[in-house]
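Here are the chains, one letter per residue:
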Amino acid sequence: MRRSVLLFISYFIFSLVEAQVNLPSFFSDNMVLQQQTECNIWGTADKGKSVVVITSWDKKSYSAMVDENGEFLVKVKTPKAGGPYDITFAIATPSKPNAATSGMAYDCTLHNVMIGEVWICSGQSNMEMQMKGFKQQPVEGTTEELMRCKDDQLRLFTVKRHASLTPENDVTGQWSEANSASVRDFSATAYYFGRALRTALGVPVGLISTSWGGSACEAWMKAEWLKAFPKVKQTITEEDVKKLQQRCPTALFNGQLSPLIGYGMRGAIWYQGEDNVPRYDYYAELLKTMVEGWRAEWKQGDFPFYYCQIAPYDYSLIQWEGSQYLREQQMKAEAMIPNARMAVLMDAGLEYGIHPRKKRQAGERLALLALSNTYDVKGLPDFAIYKEVEFKNDTAVIAFDRSKEWVYFEHGPRSNNFEVAGEDRVFHPAEAWVSRNRVYVKSNEVKKPVAVRYAWRDWAEGDLMHDGLPVSSFRTDNWEPTKNAVSQETGDYNNPK
């Protein structure tokens, strides 16, 4: 009798192990699901079985057959923001398809699940940069923030760095509630973005940070999307991935983004571009293609995409120059990509550091765009943009769009960030002043100006403002850069620096 009981127990345990539901790491305790939608939940189990998912917020069960590859996908309906909730998984056989009513043992339960707003946060080092900063490169205000950052409704997930030749099915990482320990090791830009949403919306917020310092935009794209760009290497080998890592085309899409595609979310934020400075000339079209590709893969329509314009920095320190042309490309991309907006950081750079300390400005300005454009919060300021120039004798008169409150200079009535050129295309420093909603620019060296530039260099401390926000660097001409204006030497993927 005892032998029979032991055999039965052993068989029962073996059956449970065989029927185990395996979930990607981002479906776990403490996660956040997007509110008021149908969220995808997927994983693996024994083929031929049926996986049943029971959600505690509505006590409903959802089932899906495991396909011949051992994979399943269930769509669950989520309510308005709230929580915490549980999600339970069980295995059912075809003869007993509903494990919840057949008395079969549950396989696993996810606890402390919140329903709220989910955002994907991606890019290179200035998105990856943790609240604790990099070595000898701090983030401004970290100490004060860590003392007050505890928030059990702000959830954080960091994807571990991983470059891959082929698409992966999972990432390494775990969900954590916001506290001094988890926030310290999380993206500062993304954290400030999420904290602002939490304050303004009063709902749970989930942030998935998938970034890698020094990564190229091309690394976050599928190979087929890059066919439109002949300068990008198309044939990628395992050796390329090992050598180039985060600069290898497609490698981060495969390793850090592809596994996440399908996770229900509201939108994405992006802080990248520094690595593309030497290849600035096609960045606007490249970013547009990347966003279109992400949206097509996610199948959530034209979800919101908000991004940071790279901050000013003296690129000669790394033997590059011409980042103003990349900033211009980012400005152009805003008009090319539906439901996308750019946060300007002209006043938040660092002359001697490519990783500026002012991450609160970056994160909160991204949140400003999301609150205004996605969540329809009224009364918030907007970024003014250059509209047009009119030349009146020796003076250029510049007008702006989105500038109801009129532009002004941050540090006084005049600015030294402007320059003008005549027909000879030689630029001279100019005097600039504001009257009502126009900037007037003139130089005694140029009697008949034909072009104006503002903060048109790698490093500039932006001082042209509107409603508390900086205006992007801009130029009124479209002249090709001079021979030494932009260095292309490090644009070769085979020789990254």
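Source: prediction; values computed, not measured.

### Considerations on the sheet that holds strand β24 (residues 469–470)
Taken in spatial order, the three strands of this open sheet run β16-β23-β24, and their pairing is antiparallel. Of all strands in the sheet, those with a lone pairing partner are β16 (407–409) and β24, marking the two edges. Both strand β23 (residues 464–466) and β24 contribute to a ladder of two bridges, which runs antiparallel. Counterpart to M465 in the pairing with β24 is P470.

### Points about the layout of surface pockets
Reported here for the largest pocket is a volume of approximately 450 Å³. W42, E71, L73, N169 and I261 are the residues nearest the centre of the largest pocket, which is lined by 20 residues in total. Among the secondary structure elements, those contributing two or more residues to the lining of the largest pocket are β2 (38–44), β5 (71–77) and α9 (283–298). The dominant element in the lining of the largest pocket, judged by the number of residues it contributes, is β2, at four residues. Of the residues belonging to the lining of the largest pocket, the class tally is eight nonpolar, seven polar and five charged.

### So, the side chain of S443
One can find S443 in the loop between β21 (438–442) and β22 (451–454). Judged by relative accessible area, which is 7%, S443 ranks as buried. A polar contact of 3.1 Å, which involves the side chain of S443, links it to the backbone nitrogen of E445. Contacts of S443, omitting those with residues within four sequence positions, involve V420, H428, P429 and A430.

### Here's the deal with unusual backbone geometry
A cis amide bond links G83 with the next residue in sequence, P84, at an omega value of 5°. Structurally, P84 is set in strand β6 (residues 82–92). The backbone of N30 shows a phi angle near 75°, a positive value even though the residue is not glycine. With respect to the helices and strands, the residue N30 is situated in the loop between α1 (2–18) and β1 (32–34). Residue N393 is not a glycine yet carries a positive backbone phi of 60°. As for its placement among the helices and strands, N393 is situated in the loop between β14 (385–392) and β15 (395–401).

### Some points on the pattern of salt bridges
Opposite charge on two side chains makes pairing possible when the charged atoms of those side chains draw close. On inspection of all chains with the given rule, the structure shows 32 salt bridges. Linking R266 and E117 is a salt bridge whose minimum nitrogen-to-oxygen distance equals 2.7 Å. With a gap of 149 residues between them, R266 in the loop between α8 (251–257) and β11 (267–271) and E117 in strand β7 (residues 106–123) connect regions that are remote in the sequence. Judged by relative accessible area, which is 30%, R266 ranks as partly exposed. For E177, the salt bridge is made with R155, and the minimal N-O distance between the two is 3.6 Å. Of this pair, E177 sits in strand β9 (residues 175–178) while R155 sits in strand β8 (residues 151–158), and the two are 22 residues apart along the sequence. When salt bridges that share partners are traced, they join E145, R148, R195, R360 and E364 into one network.

### Regarding the pairing of β11
β11 sits mainly inside the fold: five of its five residues count as buried. With three bridges joining them, β11 and strand β12 (residues 305–308) adopt parallel strand pairing. For A268, the partnering residue across the bridge sits in β12 and is F305.

### Details of the sheet that holds strand β19 (residues 427–429)
Pairing in this open sheet of four strands is antiparallel, and the strands run β19-β18-β22-β25 from one edge to the other. Two strands lie at the open edges of the sheet, namely β19 and β25 (474–475), each paired on one side alone.

### Regarding empty space enclosed by the protein
Per the counting criterion, the structure on display carries two cavities of 30 Å³ or more. Estimated volume of the second largest cavity: approximately 30 Å³. Every residue along the wall of the second largest cavity is listed here: E334, M342, V344, F383, A384, I385, R402 and S472. Among the residues forming the lining of the second largest cavity, the class breakdown is five nonpolar, one polar and two charged.

### As for helix α11 (residues 359–373)
With 15 residues, α11 ought to run about 21 Å at 1.5 Å a step, and its terminal C-alpha atoms sit 21 Å apart, in line with that. Of all 15 residues that make up α11, 11 are buried, and the element is covered over most of its length. Within the span of α11, buried status applies to K359, Q361, A362, G363, R365, L366, A367, L368, L369, A370 and L371.

The rules behind each value
- Residues numbered from 1 in each chain as written.
- Predicted model: local features only at pLDDT ≥ 70, side-chain atom pairs only at ≥ 80, totals over all residues.
- Heavy atoms only, no water.
- Pairing = 2+ DSSP bridges.
- Helix = DSSP H or I, 4+ residues; strand = E, 2+ residues; numbered from the N terminus.
- 1 Å grid on protein atoms, 1.4 Å probe; cavity = no way out; pocket = protein on both sides within 12 Å on 5 of 7 lines; lining within 4 Å.
- Points joined across faces, edges and corners; volume = space filled by probe spheres on them.
- Nonpolar A, V, L, I, M, F, W, Y, C, P; charged D, E, K, R; others polar.
- Buried < 20%, exposed > 50% of the residue type's maximum accessible area, 1.4 Å probe, protein only.
- Polar contact = N/O pair within 3.5 Å; in protein donor to acceptor, adjacent residues only side chain to side chain.
- Contact = heavy atoms within 4.5 Å.
- Salt bridge = Lys/Arg side-chain N within 4 Å of Asp/Glu carboxyl O.
- Expected span 1.5 Å × (residues − 1).

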